[in-house]
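Analysis of the macromolecular model
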Amino acid sequence: MKRTNHYLGLILLALSMLAPGIGYSQQIDINAGYGNYEPGTFPGYGNQPAARGIFYSSAGKTSGVIPPYTAQLTIALAPEVPWTGEAFTIPPGWEMDLVASTPTNLTFYNSTDWTTEDPYFEIPVRAIAARNDPAASVGTQVFNIGGDWTDDGLFNTTVSSVNVTDINLPVTLISFSAAKEGKTARLSWATSEETNSDRFEIERSANGKQWNKIGSVESGKESTTIRKYSFTDESPLTGRSLYRLKMVDQDNTFAYSVIRTISIEGKGVFLYPNPATDYVKLDDADSIQKVEIVNLNGATVYQSAAVSPDGIDVRKLIAGNYVLKITDRNGALNTQKLVIVK
């Protein structure tokens, strides 16, 4: 009997060493692959065709299986050459975090088991300002965000560089800032030289994709001295607001400034009851453009462009934890945990 128990103990020990999730953390070697600008040097910036390009990014691993939502892949871009906000193909099995992502820092999670397929990205970018120093801490990085696996950390980061040559634009912008003042946003900028300039258009966005013009400030036309400007957004978005300047010449040539961000706290959208059994109600349904419920495997189990007064019918959903994604009419995305009980 003692010999049998001895063999049984050895078998259980071997199984615990071989099976992930039974006392054994997988050792997985991450290879961030590459993260490169194409071209590596942009001949000018603004609305010129030559200012557009692609940032190529890839990541891989040696073996093993990484469970859903335990790997975070971040693509860092130079402020002078950010993501344009245009759509691009997201690899199967990966999901973009629209809340955390910005034009210079894009975040993705593996929504399914990361097995053998390596994610590959082609991010559309555009040079918006001169960059004389090509060295930049931009590239691709992979993080473990709570999964039962480890990596050696040797190749989970790539570093790339980019250069943007200067061109003769109507405005030389030397500073641009955004600051919260109570419930408003104060934008300030300065130029050191203006030639044939016409105006500054102020644009705002909730997500870095869709931009709206919210105001315009007349420029100095011709100037060789430092000129200071300001603009106040009296009604910034609840949550995060992104701002940029569109610097327009008298012949409608234009270039964009770097992007600045502020955050205004708000009550957001409140859902109740939570946990829920049959219906989930939202207290500000009229402000909602789209609502989506996603399970922990990353699959969308409910989607609607409107919310009825009765709320969202969740009677067909099985008990468990979900993520409720709410997109408001300004394009801002809010995510909240939703629990279904039966």
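Note that the coordinates shown come from a computational prediction; the quantities given were computed from them, not determined experimentally.

Structural notes on the confidence of the model for the chain
On average, residues of the chain score 82 in pLDDT, and 87% of them reach the 70 mark or higher. The model gives residues 1-24 a pLDDT under 50, and that stretch makes nine contacts with residues more than four places away or in other chains.

Here we look at the pairing of strand E23 (residues 288-295)
Remember that side chains alternate between the two faces of the sheet whenever the strand is regular. Most of E23 sits inside the fold, with six of its eight residues counted as buried. Two elements, E23 and strand E26 (residues 320-328), share seven bridges in a ladder whose sense is antiparallel. Among the inter-strand pairings, Glu 292 is bridged to a residue of E26, identified as Lys 325. What sits between E23 and strand E24 (residues 300-304) in their antiparallel hairpin is a turn of four residues, with Gly 298 showing a positive phi close to 90°.

Here we look at the environment of Ile 202
Along the chain, the position of Ile 202 falls in strand E15 (residues 197-205). Taking relative accessible area as the criterion, Ile 202 reaches 0% and is therefore assigned buried. With 15 residues separating them along the chain, Ile 202 and Val 217 place their C-alpha atoms 7.9 Å apart. Every residue in contact with Ile 202, bar those within four places of it in the chain, is listed here: Leu 187, Trp 189, Asn 212, Lys 213, Ile 214, Gly 215, Ser 216, Val 217, Phe 231, Tyr 243, Arg 244 and Leu 245.

Side note on the sheet that holds strand E22 (residues 279-282)
Taken together, three strands build an open sheet; the order of strands is E21-E22-E25 and the sheet is antiparallel. The open sheet is flanked by strand E21 (271-272) and strand E25 (312-313), the only strands paired with a single partner. Here E22 pairs with E25 via two bridges, running antiparallel. Residue pairing in the sheet places Tyr 279 in a bridge with Asp 313 of E25.

Overview of unusual backbone geometry
With an omega of 5°, the peptide bond running from Glu 38 to Pro 39 counts as cis. Locating Pro 39 in the fold gives a position in the loop between strand E2 (30-38) and strand E3 (41-42). A cis geometry characterises the amide bond from Tyr 272 onward to Pro 273, with omega recorded as -15°. Its place among the elements puts Pro 273 in the loop between E21 and E22. You will see that Tyr 69, though not glycine, has its phi angle at about 60°, which is positive. If you trace the backbone, Tyr 69 turns up in the loop between strand E4 (52-61) and strand E5 (71-76). The exposure class assigned to Tyr 69 is partly exposed, which follows from its relative accessible area of 26%. For Lys 221, which is not a glycine, the phi torsion comes out positive at approximately 65°. Within the element layout of this structure, Lys 221 appears in the loop between strand E16 (212-218) and strand E17 (227-233).

Some points on the packing of aromatic side chains
All told, the structure shown has twelve aromatic pairs when counted by the stated rule. Consider the rings of Phe 88 and Phe 108, whose centres lie 6.3 Å apart with planes at 75°: the pair is edge-to-face. A residue pair is termed long-range when its members are at least 10 positions apart, and Phe 88 in the loop between E5 and strand E6 (94-96) and Phe 108 in strand E7 (residues 105-110) qualify at 20 residues. Relative to Trp 114, the ring of Trp 94 lies with its centre 5.1 Å away and its plane at 75°, an arrangement referred to as edge-to-face. Residue Trp 94 is found in strand E6, and its partner Trp 114 is found in the loop between E7 and strand E8 (120-126); the two are separated by 20 residues along the sequence. Overall, Trp 94 belongs to the buried group, its relative accessible area being 9%.

Digging into the pattern of salt bridges
On inspection of all chains with the given rule, the structure shows eleven salt bridges. The closest approach of N and O atoms between Arg 199 and Glu 201, which form a salt bridge, is 2.8 Å. Among the ionic pairs, Arg 204 bridges to Asp 233, the shortest N-O distance being 2.9 Å. Residue Arg 204 is found in strand E15, and its partner Asp 233 is found in strand E17; the two are separated by 29 residues along the sequence. The class for Asp 233 is buried, based on a relative accessible area of 6%. Linked by salt bridges that have partners in common, Asp 198, Arg 199, Glu 201, Lys 213, Glu 218 and Lys 221 make up one network.

Comments concerning the side chain of Thr 102
Position of Thr 102 relative to the elements: it lies in the loop between E6 and E7. On the accessibility criterion, Thr 102 (18% relative accessible area) is buried. Non-local contacts of Thr 102, meaning those with residues more than four positions away in its chain, are made with Trp 83 and Arg 240.

As for the sheet that holds E17
By way of backbone hydrogen bonds, the strands of a sheet pair with one another, either parallel or antiparallel. Judged by pairing direction, the sheet is antiparallel, and its three strands sit side by side in the order E13-E14-E17 without closing on themselves. Only two strands of the sheet have a single partner each, and these edge strands are strand E13 (171-181) and E17. This sheet shows a mean twist of 15° between the axes of neighbouring strands, independent of strand direction. In this sheet, strand E14 (residues 184-194) lies alongside E13 in antiparallel orientation, the contact comprising ten bridges. Along E14, the bridge assignment pairs Leu 173 with Thr 191.

Conventions adopted
Residues numbered from 1 in each chain as written. Predicted model: local features only at pLDDT ≥ 70, side-chain atom pairs only at ≥ 80, totals over all residues. Heavy atoms only, no water. pLDDT = per-residue confidence, 0-100. Contact = heavy atoms within 4.5 Å. Buried < 20%, exposed > 50% of the residue type's maximum accessible area, 1.4 Å probe, protein only. Helix = DSSP H or I, 4+ residues; strand = E, 2+ residues; numbered from the N terminus. Pairing = 2+ DSSP bridges. Phe/Tyr/Trp six-rings, centres within 6.5 Å; stacked < 30°, edge-to-face > 60°. Salt bridge = Lys/Arg side-chain N within 4 Å of Asp/Glu carboxyl O. Axes fitted to C-alpha atoms, helices over the stretch in contact; angles between N-to-C directions.

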